[in-house]
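Here are the chains, one letter per residue:
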Amino acid sequence: MSHIQDRNVIITGASSGIGAALARVCSVAGAKVALTARRADRLAAVARDLPGPTLVIPADVTSPQGRRDIARRTLETWGHVDVLVNNAGLGAYGPFLETGPEKWRTLFEVNVFAAVFLTQEVLPSMLARGRGTLVNLASIGGLAAHSDSVTAYVASKHALVGFSRGLARDLAGTGVRVKAACPHLTDTEFFEAGVGAELMRGEVERFRSFMDSPEAVARGIIDRLDDDEVIFFPTEKPARAWAGLRDV
Ligand SMILES: NC(=O)c1ccc[n+]([C@@H]2O[C@H](COP(=O)([O-])OP(=O)(O)OC[C@H]3O[C@@H](n4cnc5c(N)ncnc54)[C@H](OP(=O)(O)O)[C@@H]3O)[C@@H](O)[C@H]2O)c1
């Protein structure tokens, strides 16, 4: 995992779950990490436990100003960005006809447009250096309809996977790599934080024993940072689940 050493890494959604675990894995391996999310207190708590240099940038990734601040502060402080991890994301639960325009738009703002437009803030500096890695936190739900009553989530993650594939093709030969990580059930706050999360209360416990830990997912992502595959599974569990889901 030492290839992350001395790299400058921006991680969105770093206040909890997979983003906080990514921050720890990167920092312990010798990277500088810029942590961003809305909850400043939670970001500060994550940063306090990291051994290496950190930047804490409280921001809402759905805000253009927030995205500009994340890119500007990191570039002004460290000069360049080696890795951007678009990890911030929301779940969404509920029957399709009860998932109105506001919920769909909220979901696409966080899960799709934030990643697209933060990438537009950071990519020019990577292209100027001829190197960099963009990692989008998709999901097995970006490749298949993995569960019932999560149509909006599945649609948003398919969009993120499509964005990753299209951009990877456009950036071929530039030195900038694009990757889409596809975890499945991971034991984080995700199931309490999403749109319609009250519908999941009690449900989550049934799945808890199948879940990956956020640390395992984070290690799996960092291990695969430098290979050429765009779409990848960070652990064995989603890779196995995919075998049964690929036709769904
Ligand atoms: N957990 C799973 O089972 C699972 C499976 C497959 C894929 N994923 C994906 O993995 C990624 C991380 O999820 P997680 O499981 O670690 O969930 P989590 O613990 O709920 O973390 C989500 C993160 O996103 C941030 N966030 C949400 N809305 C934001 C906004 N508008 N602006 C800035 N930050 C925002 C949250 O921070 P603040 O609230 O502080 O802003 C939080 O740090 C997501 O993209 C998710 O779709 C998760």
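Since we're looking at a predicted model, the values are computed, not measured.

Now for the overall build of the protein chain. Each helix and strand counted, the protein chain has nine helices and seven strands in total. Taking 2.2 N^0.38 as the reference for a compact globule, 248 residues should give roughly 18 Å; the C-alpha atoms of the protein chain span a radius of gyration of 17 Å, in line with that estimate. When burial is assessed residue by residue, the protein chain has 46% of its 248 residues classed as buried. Relative to all contacts within the protein chain whose residues are 6 or more apart in sequence, the contacts with residues 24 or more apart total 70%.

With that out of the way, let us pick up the sheet that holds strand β7 (residues 231-232). Strand order in the open sheet formed by seven strands is β3-β2-β1-β4-β5-β6-β7, with parallel pairing between adjacent strands. In the strand order of this sheet, the two ends are held by β3 (54-58) and β7, each with one partner. Sheet analysis places strand β1 (residues 8-12) next to strand β2 (residues 32-37), joined by five bridges and oriented parallel. When the sheet's bridge partners are listed, Asn8 is paired in β2 with Lys32.

Okay, the nonpolar core next. By size, the foremost hydrophobic cluster in this structure holds 65 residues, and its most contacted members are Val9, Ile10, Ile11, Leu22, Ala23, Cys26 and Leu35. Discounting chain neighbours no more than four positions away, the residues touching Leu35 are Ile11, Ala14, Ala23, Leu43, Val46, Ala47, Thr54, Leu55, Val56 and Ile57.

Right, let's talk about the pairing of strand β5 (residues 132-137) for a bit. With six of its six residues buried, β5 lies for the most part within the structure. Here β5 shows no split at all, with Gly132, Leu134 and Asn136 on one side and Thr133, Val135 and Leu137 on the other all buried. As judged from the four bridges shared by strand β4 (residues 83-86) and β5, these two strands associate in the parallel manner. Across the sheet, Leu84 pairs through a bridge with Leu134, a residue of β5. A crossover links β4 with its parallel partner β5, the connecting element being helix α4 (residues 101-129), and its sense is right-handed. Crossover connection from β5 via helix α5 (residues 151-170) to parallel strand β6 (residues 176-181): handedness right-handed.

Moving on to the site of the ligand. In the vicinity of the ligand there are 30 residues, among which Gly13, Gly17, Arg38, Arg39 and Gly89 approach most closely. Counting residues per element, the ones that place at least two in the shell around the ligand are α1 (17-28) and α6 (190-193). Examining the composition of the shell around the ligand, we find that three residues originate from one element, α1, more than from any other. Its residues placed into classes, the shell around the ligand shows 12 nonpolar, 13 polar and five charged.

Turning our eyes to something else, we now look at the packing of helix α3 (residues 64-78) against α4. It is the contact of α3 with α4, at a shortest axis distance of 8 Å, that shows an interaxial angle of 25°. With respect to α4, the element α3 is oriented roughly parallel. When the axes of α3 and α4 are compared, the crossing they make is right-handed. Contacts between α3 and α4 pair Arg67, Arg68, Ile70, Ala71 and Leu75 from the former with Phe117, Leu118, Glu121, Val122 and Ser125 from the latter. Looking at the contact of α3 with α4 residue by residue, the classes come out as six nonpolar, one polar and three charged.

With that settled, consider the environment of Ala218. Note on placement: Ala218 falls in helix α8 (residues 214-223). On the neighbour-count criterion, Ala218 (28 C-beta atoms within 10 Å) is buried. Remark: the alpha-carbon pair of Ala218 and Ala20, spanning 198 residues in sequence, is separated by 8.9 Å. For Ala218, the contacting residues outside a window of four places in its chain are Ile18, Ala21, Leu22 and Val25.

Our focus in this paragraph is the environment of Ala180. Inspection of the secondary structure assignment puts Ala180 in strand β6. In contact with Ala180, not counting residues within four places along its chain, are Asn136, Ala138, Gly142, Leu160, Val161, Ser164, Val230 and Ile231.

With 99% of its residues at a pLDDT of 70 or more, the protein chain shows a mean pLDDT of 96. By mean pLDDT, helix α7 (residues 204-207) is the weakest element of the protein chain at 86, and β1 is the strongest at 99.

The rules behind the values
Residue indices follow the written sequence of each chain, beginning from 1 at its first position. Where local features are concerned, this predicted model is filtered to residues with pLDDT of at least 70; where side-chain atom pairs are given and counted, the filter is 80 or more; whole-chain, interface and lining totals use all residues. Only DSSP runs of H or I reaching four residues or more are called helices, and only runs of E reaching two or more are called strands; each is numbered from the N terminus. Our radius of gyration is a C-alpha quantity, and the globule rule it is checked against amounts to 2.2 Å times the number of residues to the power 0.38. Neighbour density around each residue's C-beta defines its exposure: 20 or more other C-beta atoms within 10 Å make it buried, 12 or fewer make it exposed, and counts between make it partly exposed, where C-beta atoms are placed from the backbone. Working definition of a contact: two residues with C-beta atoms, positioned from the backbone, lying within 7 Å. For two strands to be treated as a pair, DSSP must find at least two bridges joining them. To count as a nonpolar core, a set of buried Ala, Val, Leu, Ile, Met, Phe, Trp, Tyr and Cys residues must be joined through C-beta atoms within 7 Å. When the strands point away from the viewer, a crossover counts as right-handed if the route from the first strand across the helix to the second turns clockwise. In this analysis a residue is considered near a molecule or strand if the C-beta atom, reconstructed from its backbone, is found within 6 Å of that molecule or strand. For this classification, the nonpolar set comprises Ala, Val, Leu, Ile, Met, Phe, Trp, Tyr, Cys and Pro, the charged set comprises Asp, Glu, Lys and Arg, and every other residue, Gly included, is treated as polar. A fitted line through C-alpha atoms represents every axis, and for helices the fit uses only the stretch in contact; the resulting angles, taken between N-to-C directions, go from 0 to 180 degrees. Any angle that falls under 35 degrees is termed roughly parallel, while one over 145 is termed roughly antiparallel, one within 65 to 115 roughly perpendicular, and all others oblique. When the near helix sits turned anticlockwise from the far one by under a right angle, the crossing is termed left-handed; a clockwise turn instead gives a right-handed crossing. The predictor attaches a confidence to each residue, called pLDDT, with possible values from 0 through 100.

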